[in-house]
Amino acid sequence: MFHLRTCAAKLRPLTASQTVKTLSQNRPAAARTFQQIRCYGAPVAAEPFLSGTSSNYVEEMYYAWLENPKSVHKSWDIFFRNANAGAPPGTAYQSPPPLSGALSALTQAQSLVHAQPNVDKLVEDHLAVQSLIRAYQIRGHHVAQLDPLGILDADLDSSVPADIISSTDKLDLAVFQERLRMLTVGGFYGLDESDLDKVFHLPTTTFIGGKESALPLREIIRRLEMAYCQHIGVEFMFINDLEQCQWIRRKFETPGIMQFTNEEKRTLLARLVRSTRFEEFLQRKWSSEKRFGLEGCEVLIPALKTIIDKSSENGVDYVIMGMPHRGRLNVLANVIRKELEQIFCQFDSKLEAADEGSGDVKYHLGMYHRRINRVTDRNITLSLVANPSHLEAADPVVMGKTKAEQFYCGDTEGKKVMSILIHGDAAFAGQGIVYETFHLSDLPSYTTHGTVHVVVNNQIGFTTDPRMARSSPYPTDVARVVNAPIFHVNADDPEAVMYVCNVAAEWRSTFHKDVVVDLVCYRRNGHNEMDEPMFTQPLMYKQIRKQKPVLQKYAETLVSQGVVNQPEYEEEISKYDKICEEAFARSKDEKILHIKHWLDSPWPGFFTLDGQPRSMSCPSTGLTEEVLTHIGNVASSVPVENFTIHGGLRRILKTRGEMVKNRTVDWALAEYMAFGSLLKDGIHIRLSGQDVERGTFSHRHHVLHDQNVDKKICIPMNHLWPNQAPYTVCNSSLSEYGVLGFELGFAMASPNALVLWEAQFGDFHNTAQCIIDQFICPGQAKWVRQNGIVLLLPHGMEGMGPEHSSARPERFLQMCNDDPDVFPKLDDFDVRQLYDCNWIVVNCSTPANFFHVLRRQILLPFRKPLIVFTPKSLLRHPEARSNFDDMLPGSSFQRIIPDNGPASQNPEKTKRLLFCTGKVYYDLTRERQARNMEADVAITRIEQLSPFPFDLLQKEVLKYPNAELAWCQEEHKNQGYYDYVKPRLRTTIDRAKPVWYAGRDPAAAPATGNKKTHLTELQRLLDTAFNLDSFKGLF
Ligand SMILES: Cc1ncc(C[n+]2csc(CCOP(=O)(O)OP(=O)(O)O)c2C)c(N)n1
Ligand SMILES: [Mg+2]
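Residues numbered from 1 in each chain as written. Chains lettered and ligands numbered in written order. Predicted model: local features only at pLDDT ≥ 70, side-chain atom pairs only at ≥ 80, totals over all residues. Heavy atoms only, no water.

**Regarding the overall build of the protein**
The secondary structure content of the protein amounts to 34 helices and 28 strands. Put simply, the protein has 1035 residues, and 61% of those count as buried. Considering only contacts in the protein between residues 6 or more positions apart, those separated by 24 or more positions represent 80%. Carbon and sulfur atoms make up 52% of the accessible area of the protein, which totals about 41,300 Å². (Helix = DSSP H or I, 4+ residues; strand = E, 2+ residues; numbered from the N terminus. Buried < 20%, exposed > 50% of the residue type's maximum accessible area, 1.4 Å probe, protein only. Contact = heavy atoms within 4.5 Å. Areas by Shrake-Rupley, 256 points an atom, 1.4 Å probe, with all protein chains shown as cover.)

**Observations concerning helix H19 (residues 550-561)**
Along its 12 residues, H19 runs 16 Å from first to last C-alpha, staying within 8% of the 16 Å computed at 1.5 Å per residue. Buried within H19 are the following residues: Val 550, Leu 551, Tyr 554, Ala 555 and Leu 558. Axial view of H19: buried residues confined to an arc of 125°, hence all on one face. Residues of H19 that are buried make contact with helix H9 (262-285), helix H17 (494-511) and helix H20 (566-587). Gly 562 sits one or two residues past H19 and shows a positive phi near 75°. (Expected span 1.5 Å × (residues − 1). Arc of directions from axis to C-beta.)

**Regarding the sheet that holds strand S14 (residues 684-689)**
Pairing is mixed in the open sheet, where 7 strands are placed in the order S17-S14-S18-S19-S21-S20-S26. The open sheet has two edge strands, strand S17 (727-731) and strand S26 (944-946), and neither has a second partner. The mean inter-strand angle of the sheet, taken between neighbouring strand axes irrespective of direction, is 20°. One ladder, built from 6 bridges, connects S14 with strand S18 (residues 753-758); its direction is parallel. In the strand pairing of S18, Ser 688 is matched with Trp 757. (Pairing = 2+ DSSP bridges. Axes fitted to C-alpha atoms, helices over the stretch in contact; angles between N-to-C directions.)

**Quick notes on the site of ligand 1**
Neighbouring ligand 1 are 15 residues, the closest being His 325, Arg 326, Ser 389, Asp 425 and Ala 426. Contacts to ligand 1 include Ser 389, whose backbone N or O atom sits 2.8 Å from a nitrogen atom. At a separation of 3.2 Å, a nitrogen atom of ligand 1 approaches a polar backbone atom of Leu 391. In isolation ligand 1 offers 580 Å² of accessible surface; the protein chains occlude 75% of this area. The leading source of residues in the shell around ligand 1 is helix H14 (residues 425-430), at 3 residues. Here the shell around ligand 1 is built from residues that sort into 5 nonpolar, 8 polar and 2 charged. (Near = heavy atom within 4 Å. Polar contact = N/O pair within 3.5 Å; in protein donor to acceptor, adjacent residues only side chain to side chain. Nonpolar A, V, L, I, M, F, W, Y, C, P; charged D, E, K, R; others polar.)

**Some remarks on the packing of aromatic side chains**
If you walk through the whole model with that rule in mind, you get 37 aromatic pairs. Between Trp 603 and Phe 607, the aromatic rings sit 6.1 Å apart at their centres with planes inclined by 15°, giving stacked as the arrangement. Per residue, the accessibility class of Trp 603 equals that of Phe 607, and both read buried. Aromatic rings pair up to connect Phe 278, Phe 281, Trp 286, Phe 344, Phe 347 and Phe 584 into one cluster. One Lys or Arg, Lys 680, reaches over the ring of Trp 721 and ends 5.3 Å from the middle of that ring. (Phe/Tyr/Trp six-rings, centres within 6.5 Å; stacked < 30°, edge-to-face > 60°. Lys NZ or Arg CZ within 6 Å of the ring centre and 35° of its normal.)

**Remarks on the environment of Phe 79**
Mapped onto the secondary structure, Phe 79 falls in helix H3 (residues 74-84). On a C-alpha basis, the gap between Phe 79 and Tyr 62 in space is 9.8 Å, while along the polypeptide they are 17 residues apart.

**Some remarks on the coordination of the magnesium ion (ligand 2)**
Protein-derived coordination of the magnesium ion (ligand 2) comes from Asp 425 (OD), Asn 458 (OD1) and Ile 460 (O), at a distance range of 2.0 Å. Each donor residue of the magnesium ion (ligand 2) lies on one chain, and together they are spaced D-x32-N-x1-I. Of this pair, Asp 425 sits in helix H14 while Asn 458 sits in the loop between strand S9 (451-457) and helix H16 (466-469), and the two are 33 residues apart along the sequence. (Donors = N, O, S within 2.8 Å, 3.2 Å for Na, K, Ca; no water.)

**Some words on the pairing of S9**
Judged by how many residues are buried, S9 sits mostly within the fold: 7 of 7 residues are covered. Alternating residues of S9 divide into Thr 451, His 453, Val 455 and Asn 457 and Val 452, Val 454 and Val 456, and every residue in both groups is buried. Two strands pair when backbone bridges link them, and strand S8 (residues 417-424) and S9 are joined in this way by 6 bridges, in the parallel orientation. In the strand pairing of S9, Ile 420 is matched with Val 452. Both S9 and strand S11 (residues 515-520) contribute to a ladder of 6 bridges, which runs parallel. In the sheet register, Val 452 faces S11, and the bridge partner there is Val 515.

**Side note on unusual backbone geometry**
Negative phi is the rule for most residues except glycine; trans is the rule for most peptide bonds. With omega at -5°, the peptide bond leading from Ser 946 into Pro 947 counts as cis. Following the sequence through the fold, Pro 947 ends up in the loop between S26 and helix H32 (950-959). The phi angle at Leu 156 is positive, at roughly 60°, despite the residue not being glycine. Assignment of secondary structure puts Leu 156 in the loop between helix H5 (117-139) and helix H6 (173-185). We note that Asn 723 has phi near 60°; this positive angle belongs to a residue other than glycine. Look at Asn 723 and you get exposed, because its relative accessible area is 78%.

Below, the structure is given as structure tokens:
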């Protein structure tokens, strides 16, 4: 397997006098080593220069030489070599070589060394021992006893690595000897059984010696086994940082380091009592309810509490957690300390829901709780993020929320706010989002300065064995890519678990990097309490039936150690059972279920005390001319001295400057003005996504790069106003699922931030579909949690082929909650309709409208996700510009933009009213002009698709009483907006007229790859739109 060294051929047996037996036990080990080796070589006394006072010095020299022969003077080198090679007394010493004749002296020394085979042997043996130590450090975890059932291999491999002298059963001497024999006969290290009692100097890369710097080989192996092959398997040697490796080695190798006080043991037992009895209580009361209990991994509760205690001790005061179904109720009850009656009443099917929306099942809801940490006596806030069923999807959301909380409290190093992510073994290995999330962990704009990951590794995923669920040895291997240490631990050894949790928390607070605790456990029941596991895992479950619960085992241990006595233990149990019973009684008084009690991110001050918006109006989103001009000027300048920008960019900025002078804005400038003005009002803005700093289409340029100094940048947006809010713009990793989830989490933390995620092209959002489907669309309905995230999705059919064309508007529209068949009865569509919707979907055709919709997002008294289909070619289209007048005070977002040309002057005569959205408007107006049909055809743009502007469109239709109505889109008929718009338009007009379609035919792909076909299709749809006979006879 891992052949570190093959020097068997050189093996020479040492003499009997070389054994450790003659060592004087009361001397320091270091001296013993030297004396021992010296005693079979040249006796010390025979050397004329060795006296009592010099012997310490000589020893120092000797150890230095053992480490590295070149580190001592040549004369010492020769002396030690000769002495160890058995030179007769008085002859080992040779006078130092004359400086001038250094070369000849070296040759002489070399020849002497070659003549002395024992020197080679000594060096080789030390190297062998060093290799052996290293082998344990690298591969010891493969033989650690991690499975509490004792039948499975946590690394899916039952073999023992070839370079480890270990027995699987430590008590079986015969196995141990056989193993040793295989290594020696196989020649792995060149050591044999007789070497076991020889003393070896320990390298600086191990701490097994404690205060000793040399140990007999037998003891070295024993200590390595204690450190690496018991109930803890440490995986860390892939970490490419010496200091970090040393830190871990010290934590696990130092003899006797895993000590607990009786007080700590009692706390641990009490926590296990709570964890275990909570599940038992639920099982007693609701035996036929799904709860995804923690049985088999009850140790998770003390594990999490230990991580929190230790982190709190190190200064953390806010912990944000994410976790799947397994043990979630237990975590809520015993880690976050949600009132038990609130949990129990969730099991009552007769309770009515008090809140809007559909709510969610009990094992998905989140929670937020502030309390005193009893161990550290410090305040601590704990938040568990609500999660969908989609395993691991909450990971990046938790990270994003953590980053935001750190950002808002100025915690730039993650010293106060941290996250803990809990995973299942199958999901951790199988879900790609885990990898994407790990890859955010060290990026400057995304790092949360270390997450503690805890894996509930019950060695099964629903009905699937690990062997069928992953190709990696452990479910945790994904963490290796970011150099996170991984601590595997047998979950039936609660003290070992506590130990690694302490180390994990310390690691995070020392290095601010991710770390993984892998709790190797079992699942006592089926996947849920209703599931029969014997169908698929009969042998495993036979073993599980025999397995004593960890609480019982640990209690027996502590009783036998005299740490607690039996009555104390029983008292602890009945105390907690009573707490549960009393809470159960109280839960029966609950009449109504309040999902809002399960909020993971309250926004204090944003809503009224009963959770309502403070008003139901939205102020004008316009700005004064001065503000517009000021932002425009900064956007077209380099606001710092001695900064050289690219010549091309200089031209771009000059053009911007000219636009500002002409009081016009293009898309990029409109975005600048929206952002810049919100920053002035103290609203933090964060724009994240692939290449957003420059903009995929090179239109944005929010980060300027000095052309002469590497990495020197300037972000003019941060030079707008004194005391402005900070602007964050960050190119992300090439991930959609991870990054969108992260930004959603960031947006959760505060309502006073505009958080935007931009897709490189709109179609790429589908790799983040889970975040859209499970969080953004239904988040408020499921979890009463609002979120104002903005998605910018470049969209448009521009002859670029089936990829890069469609942001799939049909999908977003299909998930809108407004009823196509009901004309809403509202006094105020502008705000009320927004309040009722699950998200807002817009396709702006002008920069001014884009500007307004971004500002409205913050000026609204509530938060809704905003989906914006953004342009590509329109970014530079000369007609797609707005005037300052469209952005002044009093102006606002236009949900529709009615026709204002000749047709609108004479509406009775208008023959056709075309509705459209987005870029096709410019194709339509050009065609209409070319055909001279301005008086015949009116074109109305629907800018806010959802919620649908029923009220405004009704007015529009009534204005053109004799016009045919048609919907025109450039997307294929089964895509785009048609299926959404048509029934709503029909409802608007009370189905009085048909609504015709002018657009592409249905298709499987979003667009043709052939440019000519693209243009032909476009012309065909324009022909349909303007041929006034096109719909004749179709009715
Ligand atoms: C993304 C996703 N795919 C499939 C499922 C269905 N599912 C629910 S639990 C589960 C097994 C999870 O196994 P593991 O991660 O080991 O957690 P455990 O239940 O063993 O604690 C599966 C496949 C899911 N919830 N999410
Ligand atoms: Mg599992």
